[in-house]
Amino acid sequence: MPNKKKERLENFFYDSTAFNTARIGPRHYHSLYEIYYLEKGVCYYLIEGKLFEMEEGDIVFIPKGQIHKTSYEDIHSRLLINCSGEYLENILLTTAFVYKNDKYSGDIYKILKNIEREYLEGDIFSESLIKGYMQQLLALVYRTPNKYKNTRQQNKYVKNALDILEKNFTADISLTATADEFGISAEHFSRIFKKETGLGFNEYLSILRLKKAESILRRNQTQSISDVAFSCGFNDSNYFCEKFKKVYGVSPLKYRKNLILKGKGAKERRAENE
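Note that the structure is a prediction, hence the values are computed from the model and not measured.

Definitions and limits used
For every chain, the first residue of the written sequence is number 1, and numbering continues from 1 onward in sequence order. For this predicted model, a pLDDT threshold of at least 70 governs which residues receive local features, and a threshold of 80 or more governs which side-chain atom pairs are given and counted, while totals over whole chains, interfaces and linings are taken from all residues. Note: side-chain values were computed over all heavy atoms of the structure, leaving out hydrogens and water. Segments assigned H or I by DSSP are reported as helices when at least four residues long, segments assigned E as strands when at least two residues long, and all are numbered from the N terminus. Buried means the residue's accessible area, taken with a 1.4 Å probe over protein chains only, is under 20% of the maximum for its type, while exposed means over 50%, and partly exposed covers the values in between. Two residues qualify as a contact provided that any one of their heavy atoms is within 4.5 Å of a heavy atom in the partner residue. Surface exposure here means Shrake-Rupley accessible area, sampled with a 1.4 Å probe, where a residue is shielded only by the protein chains that are shown. In this analysis, strands are considered paired if DSSP registers two or more bridges between them. With axes taken as lines fitted to C-alpha atoms, and helix axes fitted only over the stretch in contact, angles between N-to-C directions fall between 0 and 180 degrees. Helix span is expected to be 1.5 Å times the residue number reduced by one. By arc we mean the arc of the directions from the helix axis to the C-beta atoms, nothing more. Put simply, buried Ala, Val, Leu, Ile, Met, Phe, Trp, Tyr and Cys residues joined by side-chain atoms within 4.5 Å make one nonpolar core. A positive count includes Lys and Arg, and a negative count includes Asp and Glu. His and the chain ends are not counted in either. Salt bridge criterion: a side-chain nitrogen from Lys or Arg within 4 Å of a carboxyl oxygen from Asp or Glu. Under the rule applied, a polar contact is a pair of N or O atoms within 3.5 Å (in protein, one hydrogen donor and one hydrogen acceptor; residues adjacent in sequence only if both atoms are side-chain atoms).

Student: With reference to specific residues and values, describe the overall build of the protein chain.
Tutor: A tally of regular secondary structure across the protein chain gives 10 helices and eight strands. A total of 274 residues make up the protein chain; the buried ones form 44% of that total. Long-range pairs, those at least 24 residues apart, make up 75% of the contacts in the protein chain between residues at least 6 apart in sequence. Carbon and sulfur atoms form 48% of the exposed surface of the protein chain, whose accessible area is close to 15400 Å².

Student: Describe the sheet that holds strand β1 (residues 12-19), listing the residues and the values that go with them.
Tutor: Taken together, five strands build an open sheet; the order of strands is β1-β7-β2-β5-β8 and the sheet is antiparallel. Only two strands of the sheet have a single partner each, and these edge strands are β1 and β8 (97-99). Here the strands of the sheet are splayed against their neighbours by 15 degrees on average, with no regard to which way each runs. Bridging between strand β2 (residues 33-40) and strand β7 (residues 76-83) involves seven bridges; their strand directions are antiparallel.

Student: Any details on the side chain of threonine 178? Residues and values, ideally.
Tutor: For threonine 178, the position within the fold is in helix α5 (residues 175-182). For threonine 178, a relative accessible area of 4% puts it in the buried group. Discounting residues that sit within four places of it in the chain, threonine 178 has contacts with Ala161, Ile173, Phe189 and Phe201.

Student: Break down helix α4 (residues 156-168) for me, with residues and values.
Tutor: Over its 13 residues, α4 extends 18 Å from the first C-alpha to the last, a length consistent with the 18 Å expected when each residue adds 1.5 Å. Among all positions in α4, only Val158, Ala161, Leu162, Ile164 and Leu165 are buried. Angular distribution of buried residues about the axis of α4 spans 160 degrees; they occupy a single face of the element. In α4, those exposed residues whose orientation departs by more than 90 degrees from the buried face are Lys156 and Lys167. Looking at the buried residues of α4, the elements they touch are α5, α6 (186-197) and α7 (201-219).

Student: Which residues make up the sheet that holds strand β4 (residues 50-54), and what values go with them?
Tutor: Taken in spatial order, the three strands make up an open sheet running β4-β3-β6, and their pairing is antiparallel. Sheet topology places β4 and β6 (68-72) at the edges, where each strand pairs with a single neighbour. Each strand axis lies, on average, 20 degrees off the axis of its neighbour in the sheet, ignoring direction. Of the strand pairs in this sheet, strand β3 (residues 43-47) and β6 are connected by five bridges, and their pairing is antiparallel. Counterpart to cysteine 43 in the pairing with β6 is tyrosine 72.

Student: Summarise the environment of threonine 170; cite the residues concerned and give the values.
Tutor: Take threonine 170: it is sitting in the loop between α4 and α5. Setting aside its immediate chain neighbours within four residues, threonine 170 contacts Ser231, Cys232 and Gly233.

Student: Residue-level account of the nonpolar core, with values.
Tutor: Core analysis: the largest hydrophobic core is formed by 34 residues, its most contacted members being Leu165, Phe189, Phe193, Phe201, Tyr204 and Phe240. Secondary structure elements with two or more residues in this core: α4, α5, α6, α7, α8 (225-231) and α9 (237-248). Among the elements that line this core, the one with the most residues is α7, at nine residues. Ignoring anything within four residues of it in the chain, the contact list for leucine 165 reads Ile173, Phe193, Phe201, Tyr204, Leu205 and Leu208. In terms of nonpolar packing, the next biggest core, distinct from the first, is built from 27 residues, Tyr37, Leu88, Tyr99 and Ile130 among them.

Student: Run through helix α3 (residues 126-143), naming residues and quoting values.
Tutor: In this model α3 runs 25 Å from its N-terminal to its C-terminal C-alpha over 18 residues, within 8% of the 26 Å that 1.5 Å per residue would give. For α3, the complete set of buried residues consists of Ser126, Glu127, Ile130, Tyr133, Met134, Leu137, Leu138, Leu140 and Val141. Buried residues along α3 cover an arc of 155 degrees about the axis, so they all sit on one side. Exposed and oriented more than 90 degrees from the buried face of α3 are Ser128 and Arg143.

Student: So, the side chain of glutamate 34: which residues are in play, and what are the values?
Tutor: One can find glutamate 34 in strand β2. Arginine 78 provides the closest opposite charge to the buried, salt-bridge-free glutamate 34, at an N-O distance of 7.6 Å. Within the local environment of glutamate 34, its side chain forms a polar contact with the side chain of tyrosine 45, the two groups lying 2.5 Å apart. A distance of 2.8 Å separates polar atoms of two side chains, one belonging to glutamate 34 and the other to asparagine 82. Apart from residues lying up to four places away in sequence, glutamate 34 is in contact with Tyr45, Val60, Phe61, Ile62, His68, Leu80, Ile81 and Asn82.

Spelled out as structure tokens, the structure:
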């Protein structure tokens, strides 16, 4: 028998997990929005090159398509939601931010636990209820003061490197050349970059280039795949296709075809409703 709940909530994922040790979380880059509530411990959240320090009761909102990664130094637990835009409805989430307000932390936690209950034990009403709870959560956050102040200072070399990568991702840029520009050894720079971001220098650059390529595929339906690859810093279109498929599950060409078909389907549905 098919899992009807999974079919209804295929664009919504909820997870509650506790970890007993320090750890570096997996690198994330996906087409879903992310909402993360830190239940216990301290979390360092790297989002698009910016480092945020989170404490118990803080909640972070991350737009789709942004590179993000977590790291921890001790025992911690968190609540996590990944969802499509349909669960956010009229809220336009374009910039990542951390929200802190001790006065409302308990209310936020209760809303998240209501979402958890519906996600795990729900019935035919659960999807609608989850959307309602999501709107309640976002309304609470947007209508009350945000008292978050980031006390975590990012390493100056890593901060400058991330700025360089963002502005020069199409260029032939290397870890050694960047380290030379800062006047430090490549070994030292590689070590602090990995410690701060959880990613190697070349891995971060590759992810950044793939993200830029995905954005072009969404905007431009006629540019050749080779041109997309070269415009984003890839010197080999076959290598680009291989890396793209590893991250997105399909080739760049198939990805763009799926976007076109999805767009046509949306237009047809709108025409039917008119």
